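Here is what each chain is made of, one letter per residue.
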Amino acid sequence: MRLLDNTLPLLLNGYAWLPGLRRRAGSDIVHTRVLGQRAVGLCGPDAARFFYDEEHVARRTALPGPIKSTLFGHGAVHTLDGPAHRLRKAMFMSLMTEDTIGSLTDHTLAAWDETVSSWPAGRDVVLFDEASRLLTRAVCRWAGVPLSDADVPAAASDLVAMVDGFGSAGRRHWRARLARRRREAWLAALITDARRGALTAPSGSAIDVVAHHEDVDGRRLEPRVAAVDLLNVLRPTVAICWFATFMAHALHRWPEHRARLTGAADSGAKAFPDAFSEAFVDEVRRFYPFTPFVGGRAVRDLSWRGEPIPAGALVLLDVYGQNHDSRLWAEPYRFDPDRFVGRRIGAFDLIPQGGGDANTGHRCPGEAIVITLMRVLAHRLAGLDYRVPEQDLTISLRRVPARMASGFVLRPERVRVSPATGSRSV
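Everything numeric in this text was worked out from a predicted model, so none of it was measured. (Residues numbered from 1 in each chain as written. Predicted model: local features only at pLDDT ≥ 70, side-chain atom pairs only at ≥ 80, totals over all residues. Heavy atoms only, no water.)

Draft legend 1. The arrangement of the pattern of salt bridges in detail. Taken as a whole and judged by the stated rule, the model has 33 salt bridges. Its salt-bridge partner being Asp 164, residue Arg 403 comes within 3.2 Å of it at the nearest N-O pair. With a gap of 239 residues between them, Arg 403 in the loop between β9 (386-387) and β10 (409-412) and Asp 164 in helix α8 (residues 152-164) connect regions that are remote in the sequence. Within the structure, one salt-bridge network assembled from shared partners comprises Arg 22, Asp 28, Asp 46, Arg 49, Arg 305, Asp 318, Asp 325 and Arg 327. (Salt bridge = Lys/Arg side-chain N within 4 Å of Asp/Glu carboxyl O. Helix = DSSP H or I, 4+ residues; strand = E, 2+ residues; numbered from the N terminus.)

Written out as structure tokens, the structure is:
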């Protein structure tokens, strides 16, 4: 059976492409072609379990050049398998301790409060832009990466561009490539300075850990590859600006959730997470579009549910489709954080940042950072006094990555910042 190439429909339909193929086929597995290559699309927890088994699917040769040149970088941990992947992954996981995440959280909340206190009352601000800059400032301070306040906007713009351009074939894509080249060169120079003592990197900081990491061959990473992996700490943290605007969108559309989030903060609870903020963040990650699918390559001739998967075929796991599958989530297109209250989530059920064990597999090592920062920012957003002026709040599923058209414009009221909760009030 000859398969038609689906690259153009993928570019045109975005998040709906793979779910649409599966719907028309009436199956959790579909055969197609993408970028001229044989591809197989899968969906569901069993598919995720199959996909994240390195005996079935490899990553090393699967990521296309345009994705490596924009989102992940050439030589990144995402392109490795086996012992090389596990050792490099351990480097990332060493930065994900309770203390280090707590430190990043403190930096982020300080940057948030500093940013919010600078907003003039009654003047519109774009949350997406403001969040990207404060997250850039926070993560660079935490990572030991020197960055002046004057350089924050340009760095934030480049880090956002790398994410914003990976799913585009046009101007956004080339902007992402140029941004990556600039930031890899910048960080490679800092890595070199850290190694020769010209830059004092705080012990245990991200730049220190990456600069002195030794790979499976016992050698330190080439400065450019080290820069790639350091960017893979900075970039995903700054990308939380997407989720910040999605959380603001959710609080605007369903304002009843605001009181439940501020209730925990007003009670004086400083420890995060509380049960509802956990549920709220999980529902935002499930409901809103971020990753359409992830890909790998079949390591040999395989079979899933009786369907053949030829060796070398691209294997695409339908992340958006699974996060909106009615067999897993009742009324999946209804925003309902309570679906997660008291629910145990399997390692292959909710997969916005991948499935399985982050310590040993290809699940995003920074997921704990994403979740923690989203939880504390959800409290800050819920406690913020602002109005939402008329604007375009649409989120197109054809655009990858999806992004709110307006960036979520808010108009702060005359405010003061509470030192206990960071909330602002008239």
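Draft legend 2. Main features of the nonpolar core. One finds Trp 142, Val 145, Leu 187, Trp 242, Met 247, Phe 280 and Val 284 to be the most contacted residues of the largest nonpolar core, which totals 98 residues. Each residue touching Phe 280, except ones within four places of it in the same chain, is listed here: Met 247, Ala 250, Leu 251, His 257, Leu 261, Phe 335, Pro 337 and Ala 378. Membership of the second largest hydrophobic core comes to 20 residues, among which are Leu 42, Ala 47, Ile 309 and Ala 313. (Core = buried A, V, L, I, M, F, W, Y, C linked by side-chain atoms within 4.5 Å. Buried < 20%, exposed > 50% of the residue type's maximum accessible area, 1.4 Å probe, protein only. Contact = heavy atoms within 4.5 Å.)

Draft legend 3. Just a nonpolar patch on the surface, in detail. Taken together, the side chains of Leu 8, Leu 11 and Leu 12 present a nonpolar region at the surface, about 300 Å² in accessible area. Checked against the element boundaries, Leu 12 lands in helix α1 (residues 7-13). (Patch = residues over 30% accessible without salt bridge, like charges linked within 9 Å, V, L, I, M, F, W, Y side chains within 5 Å. Areas by Shrake-Rupley, 256 points an atom, 1.4 Å probe, with all protein chains shown as cover.)

Draft legend 4. Local environment of the sheet that holds strand β5 (residues 293-298). Across the sheet, five strands lie side by side as β1-β2-β8-β5-β3; this open sheet has mixed pairing. A single partner strand is all that each edge strand has here, and the edge strands are β1 (29-34) and β3 (57-58). Two strands pair when backbone bridges link them, and strand β2 (residues 37-42) and strand β8 (residues 314-318) are joined in this way by four bridges, in the parallel orientation. Its bridge partner being in β8, Ala 39 is matched across the sheet by Leu 314. Across the sheet, helix α2 (residues 17-25) is in contact with β1, β2, β5 and β8; its angle to β1 comes to roughly 130°. (Pairing = 2+ DSSP bridges. Axes fitted to C-alpha atoms, helices over the stretch in contact; angles between N-to-C directions.)

Draft legend 5. Main features of the packing of aromatic side chains. Per the stated rule, a full pass over the model turns up 18 aromatic pairs. Relative to Tyr 52, the ring of Phe 51 lies with its centre 5.0 Å away and its plane at 80°, an arrangement referred to as edge-to-face. Tyr 52 carries the same exposure label as Phe 51, and that label is buried. Here the aromatic rings of Phe 246 and Tyr 288 are separated by 4.9 Å at their centres, their planes lie at 10°, and the arrangement is stacked. Residue Phe 246 is found in helix α12 (residues 240-253), and its partner Tyr 288 is found in the loop between α14 (275-287) and β5; the two are separated by 42 residues along the sequence. Of the two residues, Phe 246 and Tyr 288, neither departs from the other in class, the shared state being buried. (Phe/Tyr/Trp six-rings, centres within 6.5 Å; stacked < 30°, edge-to-face > 60°.)

Draft legend 6. Examining the sheet that holds strand β4 (residues 125-126) more closely. Pairing is antiparallel across the open sheet formed by three strands, whose spatial order is β4-β10-β9. Either end of the sheet is taken by a strand with one partner, and the two such strands are β4 and β9.

Draft legend 7. Fine view of unusual backbone geometry. Each neighbour pair has its own omega, and for Val 400 with Pro 401 the value is -5°, a cis peptide bond. Inspection of the secondary structure puts Pro 401 in the loop between β9 and β10.

Draft legend 8. Expanded view of the pairing of β8. Burial of β8 is extensive: five of the five residues sit out of reach of the surface. Burial of β8 is two-sided: the residues Leu 314, Leu 316 and Asp 318 facing one way and the residues Val 315 and Leu 317 facing the other way are all buried. Bridge analysis of β5 against β8 gives five bridges, and the strand direction is antiparallel. Directly across from Gly 295, in β8, lies its bridge partner Leu 316.

Draft legend 9. Representation of the pairing of β1 in the model. In terms of strand pairing, β1 meets β2 through six bridges, oriented antiparallel. Within β2, the residue paired with His 31 across the bridge is Val 40. Taken together, β1 and the strand that follows it, β2, pair antiparallel across an intervening segment of two residues, in which Leu 35 is found at a positive phi of about 55°.

Draft legend 10. Broad picture of α14. Over its 13 residues, α14 runs 18 Å from end to end, which matches the ideal 18 Å to within 8%, given 1.5 Å per residue. The buried count for α14 comes to 11 of 13 residues, which makes it a mostly enclosed element. (Expected span 1.5 Å × (residues − 1).)

Geometric descriptors of this kind do not, in isolation, establish any biological role.
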